[in-house]
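Structure at a glance
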Amino acid sequence: MPEKTIIDASVPNAGRIYDYLLGGHHNFEIDRRAGDQIKALLPFLPTAMRLSRWCLQDVARTLTVERGFDTIVDFASGLPTMDHLHTAVAPGTAVIYSDRDPVCVEYGREILGDTPNAYYFEADCRRPEELLARPEVQEILGDNRHVAFVYWGVSMYLTDDDIAHAARTLYDWSDEESCLAFFLAVQDTEAPATAKMMEIYRQMGEEMHFRPLEVFKELVRPWRPDELDYRGMDEWHGIEVIRSEEDLREFPAAGVGYGVFLVK
Amino acid sequence: MKPGLPPPSEEKEILNQVAGQLVSQKAAIASELHQALRATDMSNRLLISPRRLEEMAQEELKAFLHFLETGDEEETHQRGARRASEGLGERSALAMTEALRRACWMANLDGEALRVALEASGRYVNAFLEGYMSGREEEILKEQERTRHAFQRVLEKQAHS
């Protein structure tokens, strides 16, 4: 959830660097240079990002095919690629994407085209109430409060207060059976390479925030994990990803972070 | 027909025999393919998660066996393009085609059958990779155009606000 719009090509942008590190083409030379700097510091980072992003299709299927949700509201959707939620949901599911960056929104609308029941709105994930209060969203949702929310790959741009506020707002707004799918990125901020990466982002005007799982659990209360609990990415995908000792120092917890379905 | 090759009908018969031989080793070849895909999975883009690789190995082996029967390079070309648009990484594409070529080498074929099989696998790999490269290029150009259009629309909105 970068502060600056992605349209500003004169400085590196966190959203476009993210895209570059994932192998996308929505980035410029200046982003690739910053991305290469980060890759040199943290060679495991692109793998870590892929591992978390690969979950999206599982999240979409789990929420709609297995758990029967017919509405998903996704926050900080970013530059939507072909892997995003609407490609894997059960037929008839309404998917509402959102991002605060107007270029992401326009780009997302290009991708979605005439896809039925898929929408993209400009909104800041730090204030989910603003998206939910939009007239267009209210028209889609009507009285429906049985909704699955998704915050995936954005936790590092949110302060503790942002997370607590979003969690509480969505908890109060939604019905008893609703769900919040969340990916929590975990890195050791004391580790030298991670500290340098955070400094690079800081110089771009982007503050990054990492917190341990135990802190996160407190922030999202009264949401609680479902029976699958918090899962590291190896466990989620059922694979063992090879990491060097250096990788393990920088990404100590579950290799990259945790995915979870939070319920009431 | 290239010099030294058997006439088409004879070649077809040999390829059917080759396909039969490979079918008898299907499980082992699919496993090789899966390992090749698994070893290069981080080159894949996002639609191809590790969970899908086993199924993909089976699909690719089936497509190769089908090619040995039909020799349809156009179909293979389209297959390569489709894999590119799904997000198959370059390293995975190369590892997969290499595994298919290796399967022919390892299939206990006699001299003439081996030669025909390697010729056919060469045609298959070329058609697949040509399709893959054109598919990649098409994706990149499509993404560029979407980016341009999105930027233009935002700039227009900003100009009017």
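Residues numbered from 1 in each chain as written. Chains lettered and ligands numbered in written order. Predicted model: local features only at pLDDT ≥ 70, side-chain atom pairs only at ≥ 80, totals over all residues.

1. A short note on the environment of Glu176 of chain A
Residues and elements named next belong to chain A. To be explicit about the condition: Helix and strand assignments come from DSSP, with helices taken as H or I runs of at least 4 residues and strands as E runs of at least 2, each series counted from the N terminus. Here a residue counts as buried when 20 or more other C-beta atoms fall within 10 Å of its C-beta, as exposed when 12 or fewer do, and as partly exposed in between; the C-beta atoms come from the backbone.
Here Glu176 is to be found in the loop between helix H8 (160-173) and strand E5 (179-185). Since 8 C-beta atoms lie within 10 Å of it, Glu176 is described here as exposed. Sequence separation between Glu176 and His146 is 30 residues, and the spatial gap between their C-alpha atoms is 7.8 Å.

2. Points about the interface of chain A and chain B
In plain terms, the rule: The contact criterion used is a C-beta to C-beta distance within 7 Å, with each C-beta placed from the backbone. Throughout this entry, Asp, Glu, Lys and Arg are counted as charged residues, while Ala, Val, Leu, Ile, Met, Phe, Trp, Tyr, Cys and Pro are counted as nonpolar. The remaining residues, Gly among them, count as polar.
Opposite the 21 residues of chain A that make contact, chain B presents 17 residues. Listed by contribution, the elements that provide at least two residues to the side of chain A that touches chain B are helix H3 (45-53) and helix H5 (102-112) of chain A. Per-element accounting of the side of chain A that touches chain B gives the leading share, six residues, to H5 of chain A. Residues belonging to the side of chain A that touches chain B are distributed by class as follows: nine nonpolar, seven polar and five charged.

3. Some thoughts on the packing of helix H1 (residues 8-24) of chain B against helix H6 (residues 111-160) of chain B
All names here are of chain B. Filter applied, for reference: In this analysis an axis means a line fitted to C-alpha atoms, helices contributing only their contacting stretch, and an angle means the value between N-to-C directions, from 0 to 180 degrees. These descriptions rest on fixed angle ranges, namely under 35 degrees for roughly parallel, over 145 for roughly antiparallel, 65 to 115 for roughly perpendicular, and the rest for oblique.
The N-to-C vectors of H1 and H6 enclose an angle of 90°; their axes lie 9 Å apart at closest approach. Relative to H6, the element H1 lies roughly perpendicular. Counted together, Glu11, Ile14, Leu15, Gln17 and Val18 of H1 and Glu112, Ala113, Val116, Ala117 and Ala120 of H6 form the full contact between these two elements. Tallied by class, residues from the contact of H1 with H6 come to seven nonpolar, one polar and two charged.

4. Quick notes on unusual backbone geometry
Look at the link from Arg221 of chain A to Pro222 of chain A: it is a cis peptide, with omega at 10°. For Pro222 of chain A, the location among the structural elements is in the loop between helix H10 (213-220) and strand E6 (224-225). With a phi close to 55°, Asn108 of chain B is a non-glycine residue in the positive phi region. Position of Asn108 of chain B among the secondary structure elements: in the loop between helix H5 (90-105) and H6.

5. Concerning the packing of H5 of chain A against H6 of chain B
Selection rule: The handedness criterion is simple: a crossing whose near helix is rotated anticlockwise from the far helix by less than a right angle is left-handed, and one whose near helix is rotated clockwise is right-handed.
Following both chains from N to C, one finds H5 of chain A and H6 of chain B inclined at 130°, their axes separated by 8 Å at the closest point. By the criterion of interaxial angle, the relationship of H5 of chain A to H6 of chain B is oblique. Crossing angle aside, the handedness with which H5 of chain A passes H6 of chain B is right-handed. Residues Pro102, Val103, Glu106, Tyr107, Glu110 and Ile111 of chain A of H5 of chain A touch H6 of chain B, and the partners they reach there are Arg146, Thr147, His149, Ala150, Phe151, Arg153 and Val154 of chain B. Counted by class, the contact of H5 of chain A with H6 of chain B contains seven nonpolar, two polar and four charged residues.

Geometry only, nothing functional implied.
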